[in-house]
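# Breakdown of the fold
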Amino acid sequence: MRDPFREGLAAGWKHVDASQLAVDLPIEADVVIVGSGAGGGVSAELLASAGLKVVIVEEGPLRTSSDFNMREAEAYPDLYQESAARKTADKAINILQGRCVGGSTTVNWTSSFRTPPRTLQWWQSAWGLKRLGVDAMAPWFAAMEQRLHVGLWPIPPNENNAALARGAAQLGIPVAVIPRNVKMCWNLGYCGMGCPTNAKQSMLVTTLPAALTKGATLISRLRAERFEFSSNKAVSLTGMAMKPDGIHPNGVKVTLRARHFVLAGGAINSPALLLRSKAADPHGLLGKRTFLHPTLISSGLFDKPVRAYAGAPQSVYSDHFLDNVAVDGPLGFKLEVPPLHPVLFSTTLQGWGEAHARLMREFANSQTILALVRDGFHPDSRGGQVRLRDDGSPLLNYPLNETYWEAARRALLTMAEIQFAAGAHWVTPVHESATGYNSWAEARRGLAELPLAPLRCRVVSAHVMGGCAMADTPQRGVVDDEGRHFQIENLSVHDGSVFPTSIGANPQLSIYGLVARNASLLAAALTGKAKPAIL
Amino acid sequence: MTTRREFLKTGLAGGLLLNVAACARPSENGGRTVVLSALIPVMLAGALPAEGAERPELIVRTLDGVERAIGGLAPATQKEIGELFDLLAFPLTRMLAAGIWSPWPEATPAAIGNFLESWRHSRFDLLKSGYAALHDLIFGAWYARPDTWAAIGYPGPPKVE
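Residues numbered from 1 in each chain as written. Chains lettered and ligands numbered in written order. Predicted model: local features only at pLDDT ≥ 70, side-chain atom pairs only at ≥ 80, totals over all residues.

## With respect to the overall build of chain B
A tally of helices and strands in chain B yields seven helices and zero strands. Counted from the first residue to the last, chain B has its helices and strands arranged as α-α-α-α-α-α-α. Per-residue burial over chain B gives 40% buried out of 161 residues. Pairs at least 24 residues apart make up 69% of the contacts formed inside chain B by residues separated by at least 6 positions. (Helix = DSSP H or I, 4+ residues; strand = E, 2+ residues; numbered from the N terminus. Buried ≥ 20, exposed ≤ 12 C-beta atoms within 10 Å, placed from the backbone. Contact = placed C-beta atoms within 7 Å.)

## Observations regarding the overall build of chain A
Along chain A, the regular secondary structure elements total 15 helices and 23 strands. Against the globule reference of 24 Å for 535 residues, chain A gives a C-alpha radius of gyration of 22 Å, in line with a compact fold. Here the C-alpha coordinates of chain A stretch approximately 65 × 50 × 45 Å along the principal axes. Within chain A, the proportion of its 535 residues that are buried is 62%. The long-range fraction of contacts in chain A, counting pairs at least 24 apart against all pairs at least 6 apart in sequence, stands at 76%. (Rg over C-alpha atoms; globule rule 2.2 N^0.38 Å.)

## Here we look at the interface of chain B and chain A
Taken residue by residue, the interface counts 36 residues in chain B and 37 residues in chain A. No other element matches the nine residues that helix H7 (residues 125–143) of chain B contributes to the side of chain B that touches chain A. In terms of residue class, the side of chain B that touches chain A is made up of 22 nonpolar, nine polar and five charged. (Nonpolar A, V, L, I, M, F, W, Y, C, P; charged D, E, K, R; others polar.)

## Some words on the environment of Ala264 of chain A
Residues and elements named next belong to chain A. Of note, Ala264 is situated in the loop between strand S12 (249–263) and helix H9 (269–276). Judged by the 33 C-beta atoms lying within 10 Å of it, Ala264 falls in the buried class. Between the C-alpha atoms of Ala264 and Thr347, which are 83 residues apart in sequence, the distance is 30 Å.

## Quick look at the environment of Arg517 of chain A
Residue and element names in this part refer to chain A. Its place among the elements puts Arg517 in helix H15 (residues 508–527). By C-beta crowding, Arg517 is classed as buried, having 27 other C-beta atoms within 10 Å. Distance in space between the C-alpha atoms of Arg517 and Pro532 is 8.7 Å, their sequence separation being 15 residues.

## Observations regarding the packing of helix H6 (residues 134–147) of chain A against H15 of chain A
All names here are of chain A. Interaxial distance between H6 and H15 falls to 8 Å at its minimum, and their mutual angle equals 110 degrees. The orientation of H6 with respect to H15, classified from their angle, is roughly perpendicular. For H6 against H15, the interelement crossing comes out right-handed. Only Leu509, Tyr512, Gly513, Ala516 and Arg517 of H15 make contact with H6, whose side of the interface consists of Met137, Trp140, Phe141, Ala143 and Met144. In the contact of H6 with H15, the residues fall into eight nonpolar, one polar and one charged. (Axes fitted to C-alpha atoms, helices over the stretch in contact; angles between N-to-C directions. Parallel < 35°, antiparallel > 145°, perpendicular 65-115°, else oblique. Left-handed = near helix turned anticlockwise from the far one by under 90°.)

## With respect to H7 of chain B
For H7 of chain B, which comprises 19 residues, the first-to-last C-alpha distance of 26 Å matches the rise-based estimate of 27 Å (1.5 Å per residue) to within 8%. A large share of H7 of chain B lies buried, amounting to 19 of its 19 residues. (Expected span 1.5 Å × (residues − 1).)

## Re helix H5 (residues 91–98) of chain B
Every α-helix carries 3.6 residues per turn, so stepping three or four residues along brings you back to the same face. Residues and elements named next belong to chain B. Of the residues making up H5, those classed as buried are Thr93, Arg94, Ala97 and Ala98. Relative to the axis of H5, the buried residues are bounded by an arc of 105 degrees and lie together on one face. Facing away from the buried surface of H5 by more than 90 degrees, the exposed residues are Leu92 and Met95. At the C-terminal side of H5, Gly99 shows a positive phi close to 70 degrees. (Arc of directions from axis to C-beta.)

## Some details on the confidence of the model for chain B
Residues and elements named next belong to chain B. A residue-level look at chain B finds 81% of positions with pLDDT of 70 or above and a mean pLDDT of 88. Across residues 1–12, where pLDDT falls below 50, the model places seven contacts with residues more than four positions away in sequence or in other chains. Under the prediction, the complex receives an ipTM of 0.96, its pTM being 0.96. (pLDDT = per-residue confidence, 0-100.)

## Concerning unusual backbone geometry
Residues and elements named next belong to chain A. Within the chain, Met184 stands out as a residue other than glycine whose phi angle is a positive 55 degrees. Relative to the assigned elements, Met184 resides in the loop between strand S8 (179–181) and helix H8 (207–213). Given 8 C-beta atoms within a 10 Å radius, Met184 is considered exposed. With a phi angle near 60 degrees, Asn187 is a residue other than glycine that sits in the positive phi range. With respect to the helices, strands and loops of the structure, Asn187 is situated in the loop between S8 and H8.

## A few points about the nonpolar core
Judged by nonpolar contacts, the single largest core of 226 residues is most densely connected at Val32, Leu47 and Val54 of chain A together with Ile138 of chain B. Counting residues per element, this core draws most heavily on H7 of chain B, which supplies 12 residues. Those residues within four positions of Val54 of chain A in sequence are excluded, and the remaining contacts are Ala29, Asp30, Val31, Ile33, Ala44, Leu47, Ala48, Ala211 and Ala216 of chain A. (Core = buried A, V, L, I, M, F, W, Y, C linked by C-beta atoms within 7 Å.)

## Focus on the pairing of S12 of chain A
Residue and element names in this part refer to chain A. As paired strands, strand S2 (residues 25–34) and S12 are joined by nine bridges and run parallel to one another. In the strand pairing of S12, Glu28 is matched with Arg257. In this sheet, S12 lies alongside strand S11 (residues 233–242) in antiparallel orientation, the contact comprising six bridges. Bridge pairing in S12 places Met240 opposite Lys253. Count of turn residues in the S11/S12 antiparallel hairpin: six residues, of which Gly246 carries a positive phi of about 75 degrees. The pairing of S12 with strand S23 (residues 491–493) spans three bridges and is classified as parallel. What sits directly across from Leu263, in S23, is Val493. (Pairing = 2+ DSSP bridges.)

Encoded structure:
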């Protein structure tokens, strides 16, 4: 198996592993980009292509296809924020976010949806983002779909996804095939641990190689600690080199100076860096309105093997329960399935001892559905707030209120009904008080009574959005629709933290499309060259 | 919903217990090993072989896995996990907060089971999240190991050449 990234390094790409630095390293560039995920990768390619000297800073390690051995024991500590155990302040929501070169794009499940029209229309009407209309954004999504080889998954779904499709069809609920950013995919099912065949068109195999080929420098294992500001400009960024463990600083500092800084550390880390730097925030918006698509889980047992660990993890979805409610009404939810692997499944599943062991013995026959709740539109769905711990690390407080639990109950009912319709003989929500149901009738009665509360009903998230929201005015946004910071003139935010609400779909393509637009505008502004033709 | 009064009670009671435990701080990780050695066989009942020569060895390997997992958490989280184990290891708080009246090595599986259930269904978020941490650490360490996969019908990752 070829490893194009290692070949590129051998051919002379500039990469510094900051954990190996013994002395401070001063860096000068036209643009310093913080983060190498969906936003950082796309920005790096477009800015480097415009002839700008680009430096990309990534806190996580550089790992490439030869390293991806599909073992959870290594992938989670190596490739994820906080070993895939990042949690909200009350510990009620577990958050999966990448932390490696390529960011979450290295470990996501490849689902690639454009920002739904209703979301863009809401942003236009409620957040004054007049220029981000469906037609105006379409060419940017199209360009990134082409760049990242996004296409409808042509292979029949694995049984985990097929059960969702079958159960929904029984009930007259429309489903559709998921577009994925893959090329010559082996249909293995291990996208979440880094793609071992380079089929996934993550930033690791697309935009970052393109930027490095054009002379960009990548610095891994460097934590962006703090900006220095002078009046309304960012003068420099201090990076702290990490030890190879990725947890502790090794004592070496790197000072990065640039004409312009692009912040793309992802929601949670991007607002946290600005909070640590005491960035101007005259309207107290920074870190607020952070959204998660707080997700419910329902697990069913089937007579035949489901093998949810094998095959494209996500290939079927339903937006029926997003589409059948007003966008700002009772919260809607998107239905998808997750891949199941032993650590992810066993730690998520409720119970202990023999009860847990019994469910684990049926691991191969387990089928699981997710309901991703669309947050940030209803007046009572205001998301969470990123604050700093005493040590400067970020902590997200996300209260789950009655508006959320009302949607959660509908979602748990819907998922159980679909699973029984698909042929499950037993279904349970992932919930500490639930012991499972043997029929839809039993589930309907049981779920109606089930007490829903944090730390009783399991809630997870793999989509963090908001915290540096864009809007038309500084009174209600941190950045404008181009990602330009309202107060700091040489700072842009190019990641999911700019979304003023959740997306209502897996967010990677929303980030790619918006950042393609905004990085193109930034490249034009910094080089004095013409704006791209699509604008 | 947690009421405000409950929340304050959790905060106060939980905070006091943590302070007591912190003052008494058992030696380094010594306390943690004792607690985990007692918890692991109960949490993993049904997965861990009930007898046989490999049982103690598997407990030790799970314990090592838990330690490795803790080492991969953010420093602030490692500190919280340290406090959780201090609370469980220090005799006074072990009795008050966990209801375990004998030292851990002598605690019966039934008593440990009662403790797990009482925290799991506690009115206090602090205790519920403590249970969740123990659950995730122990099951994560167990099912991370390839030797546990045959029992659940997981073939392991495919070969990629």
